[in-house]
Amino acid sequence: MTDLVQIENVEALTTEAETLIQGGLELCEEAYSANTRRAYASDWRAFTEFCEEFKANPLQASHATVFAYAQHLATKNDGEIKASTIERRLAGVRHVHLREYPEDTPPTDHYKTRQLLRAIKRSRNEQTSNKKRALFSSDVASMIDHCDTTTTGLRDRALLLLGLLGGFRRSELVALRWCDIETLPTNSEGFLVRVRQSKTDQTGKGKTKAIHHQAEPYCAWSALVEYRNAVDRSFDERALKRSPDSCVFLKVSRWGSVSQTPLRPASVALVVKKRAKAAGLDPALFSGHSLRSGLITEGLARGIALSDLADQAGHAKLDTTRSYDQGITGLNRGITKGWFEGGV
């Protein structure tokens, strides 16, 4: 029986109580998204491998062992591992220790280890130079212009337009289902898309985003309809039926046959890079996040309220949205505009 529950003056729990507790423990695992659980599992494997090499017990690791692990990560591959990655690795170790020994202070929280992490961040001085560039509407328009009318081309067109205009995270895009897309009256200015769960909504309250219609061929709604028709044709050829609850963005074979397997979050970056290259853009400059950052960065440049952009992007804090500014709104405000035009 787990140490999680301590019941005083009771020698043994009843079978019913043990069943309830076990069920609760299993449910606790659902407190984190699938991506977070995979990341923590990867972090723990890496720490376990380190401990095996130095003959240490990972579940009973001392503060010194974790401190040495942080320094190991900092010096590995000539210091190429980012400080943010090291911090994430330690977070995974911390998670497992808290799960197994919830009443103990995890070894990752030792003052010296936290101090070392701060020193690593300062010494790396990681700037935004390695950040991928945002995709603006003009970039996406060029990418759309180079999408063909194959099923893959139609899918990518819909993904690019929806990704930009909705400011979706990659995980949100690939998790969308057809029943999450709500049509509005024909005289309306757009349509609605429901996000069931996101990075900042782990409890699954959900959020609805409004997507405005655009001039053709850059309208996300039209792109979705054309892509959906292509999916239906592919399914009809194999006597399959598209379910309203099935994922929107599916894998497509080189022969144009639509799979029932949804794209993975990493696939969004592949689509972006492929279409950027076809449009004559440098694919190395962009990532799957470029669509989302494009909405916020261009929105700020267009003077859209910070709170409105934060709401569309699903940011919990305005400071997160503000970090996409990178000086753009300063140009819009014209703080130093024309200083030397009329003399001093």
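All of these numbers come straight from a predicted model, not from anything done at the bench. (Residues numbered from 1 in each chain as written. Predicted model: local features only at pLDDT ≥ 70, side-chain atom pairs only at ≥ 80, totals over all residues. Heavy atoms only, no water.)

1. What about the overall build of the protein?
Next, step 1: Of regular secondary structure, the protein possesses 14 helices and 5 strands.
Next, step 2: Every one of the 344 residues in the protein was classed for burial, and the buried ones make up 36%.
Next, step 3: Within the protein, counting contacts between residues at least 6 apart in sequence, those at least 24 apart form 60% of the total. (Helix = DSSP H or I, 4+ residues; strand = E, 2+ residues; numbered from the N terminus. Buried < 20%, exposed > 50% of the residue type's maximum accessible area, 1.4 Å probe, protein only. Contact = heavy atoms within 4.5 Å.)

2. Thoughts on the state of the cysteines
Next, step 1: Tallying each qualifying case throughout the model produces 0 disulfides.
Next, step 2: Between Cys179, a free cysteine, and Cys247, which holds the nearest cysteine sulfur, the sulfur-to-sulfur gap is 9.4 Å.
Next, step 3: With relative accessibility at 42%, the residue Cys179 sits in the partly exposed group.
Next, step 4: Relative accessible area serves as the criterion here: at 12%, Cys247 is assigned to the buried category. (Disulfide = S-S within 2.5 Å.)

3. Considerations on the environment of Gly92
Next, step 1: Here Gly92 lies in helix H4 (residues 83-100).
Next, step 2: Classification of Gly92 as buried rests on a relative accessible area of 0%.
Next, step 3: Sequence separation between Gly92 and Phe47 is 45 residues, and the spatial gap between their C-alpha atoms is 8.9 Å.

4. Let's talk about the packing of helix H7 (residues 151-166) against helix H10 (residues 265-278)
Next, step 1: Axis separation between H7 and H10 bottoms out at 11 Å; the angle between their running directions is 105°. Between H7 and H10, the crossing angle belongs to the class labelled roughly perpendicular. In contact with Thr152, Gly153, Arg155, Asp156, Leu159 and Leu160 of H7, H10 contributes Val268, Val271, Val272, Lys274 and Arg275.
Next, step 2: Here the contact of H7 with H10 is composed, by residue class, of 5 nonpolar, 2 polar and 4 charged. (Axes fitted to C-alpha atoms, helices over the stretch in contact; angles between N-to-C directions. Parallel < 35°, antiparallel > 145°, perpendicular 65-115°, else oblique. Nonpolar A, V, L, I, M, F, W, Y, C, P; charged D, E, K, R; others polar.)

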